[in-house]
Amino acid sequence: MTLDILVKNVALWGSEELSDVGMEGGRFVSVDRSPTSLIAAVTLDAEGRMAVPGFVEPHIHLDKALISERAPVNVSGTLTEAIEILWEIKRNYTVDEIAERASRVLTRAIENGVSRLRSHVDVDPIGGTRPAEGLIRARERFRDLIDIQIVAFPQEGIVKSPGTEALMRQVMQLGVDVVGGMPFNEASPQDSRRHIEIVFEIAKEFDADIDMHVDETDDPAARTLEVLAELTIANGWQGRVTAGHTCALASYPRNYADHVIERLHAANINMIANPATNLMLQGRLDDYPKRRGVTQVKELLAAGVNVACGQDCVHDTFYPFGQNDPLEIAFLLCHASQMSQPAEILTVMDMVTNNGARALRVPDFGVAVGAVADLVVLDARDAREAFATRAPRRWVIRKGRLIAETKLEVCRHFDIPAMPST
């Protein structure tokens, strides 16, 4: 048998031995830990480099990406001003320009080895269905290169934004996959609870998963995360709910935080940390000591809660940077959550691969015979080196096809002096 691609001497993530990996017809057909004599149309020698089965981006906003190219500056640097700046911009959105901006970011994501991605999209009477239509168009354009899930995100609220609930149902009918929410952005705790109830009603109507922005605030009195856990269990939606940001959890007293984390574990809720955006936005109005807003990653993991991390924003009113590179986000998370021990570094690599796949409920994620042949070979020997250097993606393979590669060459125009004698 002649294979399409054979990757030799590769260190598969989670394995301590080198393997030869064969692909044919878009799927893995062989994974051998001893040298193979198989013949392939394309043979790549990884020379001991590590590889992952594609990165997973579980939380991004493609409809807003790159909007800073034409948006006013967020002078306060706060979440509130970032949202307000967008109101006028959203009124003038077009489907074509949303699809074009999203396409530019998706191209970079693919080059960075992202094979699965979940994007939130604003749904409100300001922009109507145009943002969702733009992302659906971009998803179709890239369908053979990356798997994309779209989340209906009511950033302006549901109860306090009349018409949003109907629009949520409308975009679900258009082809949006997941029901989103932002319950803390309501006028009262009662309205926040009703917001969550509406999200579950829509999710059950469309048999859809849920992915909410929850308590994206420094306020230690925010309580919608516990309500989400309670209603997840009440509705039997365990394993199908994801909570992003959860910044208030970082401000809770220890006893209440432990109580909430226990409830999250019981509800089997997936958690997404967004270190880049939340380090930038949270605590802006604090004197010292400043709250930094990154959720309790270590404590959640220790309790058995699935935690992944995402880019969130790329060059928008919330965050002026962003490469849509999971290695960059992982590097930031290592610092923000003080995950520096060898075992912790390995866990962070799981957060941008396996844990993200679990949150998105990706079936058969990994390098195994019969699975979809997605593989990213990094110019690094281990996770620590990959994070430290934001390792170049030596080869990106999608469905058994080489779609991107990185070649780096350093030209040294100096001589290294001899070592001084002692």
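First, a word on scope: everything that follows refers to the structure included in this document. All values derive from a computational prediction rather than experimental measurement.

Thresholds applied
Residues numbered from 1 in each chain as written. Predicted model: local features only at pLDDT ≥ 70, side-chain atom pairs only at ≥ 80, totals over all residues. Heavy atoms only, no water. Helix = DSSP H or I, 4+ residues; strand = E, 2+ residues; numbered from the N terminus. Rg over C-alpha atoms; globule rule 2.2 N^0.38 Å. Buried < 20%, exposed > 50% of the residue type's maximum accessible area, 1.4 Å probe, protein only. Contact = heavy atoms within 4.5 Å. Pairing = 2+ DSSP bridges. Axes fitted to C-alpha atoms, helices over the stretch in contact; angles between N-to-C directions. 1 Å grid on protein atoms, 1.4 Å probe; cavity = no way out; pocket = protein on both sides within 12 Å on 5 of 7 lines; lining within 4 Å. Points joined across faces, edges and corners; volume = space filled by probe spheres on them. Nonpolar A, V, L, I, M, F, W, Y, C, P; charged D, E, K, R; others polar. Expected span 1.5 Å × (residues − 1). Parallel < 35°, antiparallel > 145°, perpendicular 65-115°, else oblique. Left-handed = near helix turned anticlockwise from the far one by under 90°. Salt bridge = Lys/Arg side-chain N within 4 Å of Asp/Glu carboxyl O.

What follows deals with the overall build of the chain. Each helix and strand counted, the chain has 13 helices and 16 strands in total. Expected size for 422 residues packed as a compact globule is a radius of gyration near 22 Å; at 22 Å, the chain falls within 12% of this value. Summarising its shape, the C-alpha atoms of the chain cover approximately 65 × 60 × 45 Å along the three principal directions. Scored against the burial criterion, the 422 residues of the chain give a buried share of 57%. In the chain, once contacts between residues fewer than 6 apart in sequence are set aside, the share between residues at least 24 apart is 76%.

The eight strands lie next to each other as 6-7-8-9-10-11-12-13, forming an open sheet whose pairing is parallel. Looking at which strands have only one partner, the edges of the open sheet turn out to be strand 6 (55-60) and strand 13 (307-309). Strand-to-strand twist of the sheet, defined as the mean angle between neighbouring strand axes without regard to direction, takes the value 25 degrees. Here strand 9 (residues 178-181) runs beside strand 10 (residues 210-214); their pairing, made up of three bridges, is parallel. Residue pairing for strand 10: Val 179 is matched across the bridge by Ile 210. Contacts from helix 5 (residues 189-206) reach strand 9, strand 10 and strand 11 (241-245) within the one sheet, and its direction differs from that of strand 9 by about 175 degrees.

This next bit is on the environment of Glu 197. Relative to the assigned elements, Glu 197 resides in helix 5. Given the relative accessible area of 27%, Glu 197 is considered partly exposed. In the structure, Glu 197 is positioned 173 residues away from Glu 24 in sequence and 47 Å away in space, judged by C-alpha atoms.

A few words on empty space enclosed by the protein. A water-sized probe, rolled over the atoms, reveals where empty space remains. Summed over the entire model, instances satisfying the criterion amount to two cavities of 30 Å³ or more. Roughly 60 Å³ of volume is contained in the largest cavity. His 61, Lys 64, Leu 79, Phe 153, Gln 155, His 213, Glu 216, His 245, Thr 277, Asp 312, Cys 313 and Phe 318 together form the lining of the largest cavity. In terms of residue class, the lining of the largest cavity is made up of four nonpolar, five polar and three charged.

Our focus in this paragraph is helix 1 (residues 79-91). The end-to-end C-alpha separation of helix 1 is 19 Å, in line with the 18 Å expected for 13 residues at 1.5 Å each. Of the positions making up helix 1, those classed as buried are Leu 79, Glu 81, Ala 82, Ile 83, Ile 85, Leu 86, Ile 89 and Lys 90.

What follows covers the packing of helix 2 (residues 95-111) against helix 3 (residues 130-141). Between two packed helices, both the angle of their axes relative to each other and the distance between the axes serve to describe the pair. Packing of helix 2 against helix 3 brings their axes to within 8 Å, and their N-to-C directions diverge by 45 degrees. In terms of axis orientation, helix 2 runs oblique to helix 3. Considering only the axes of helix 2 and helix 3, their crossing is right-handed. Contacts from Val 95, Asp 96, Ile 98, Ala 99, Ala 102, Ser 103 and Leu 106 of helix 2 reach helix 3 at Arg 130, Pro 131, Glu 133, Gly 134, Leu 135, Arg 137, Ala 138 and Arg 141. The class makeup of the residues in the contact of helix 2 with helix 3 is eight nonpolar, two polar and five charged.

Looking now at the pattern of salt bridges. Applying the stated criterion to the full structure yields 34 salt bridges. Of the charged contacts in the structure, one is a salt bridge between Arg 104 and Glu 100, with a shortest N-O distance of 3.7 Å. Taken together, the residues Arg 104 and Glu 100, both in helix 2 and four residues apart, mark about one turn of the helix. You can call Arg 104 partly exposed: its relative accessible area is 37%. Put simply, Arg 193 and Glu 197 hold a salt bridge, and the shortest N to O gap is 3.6 Å.

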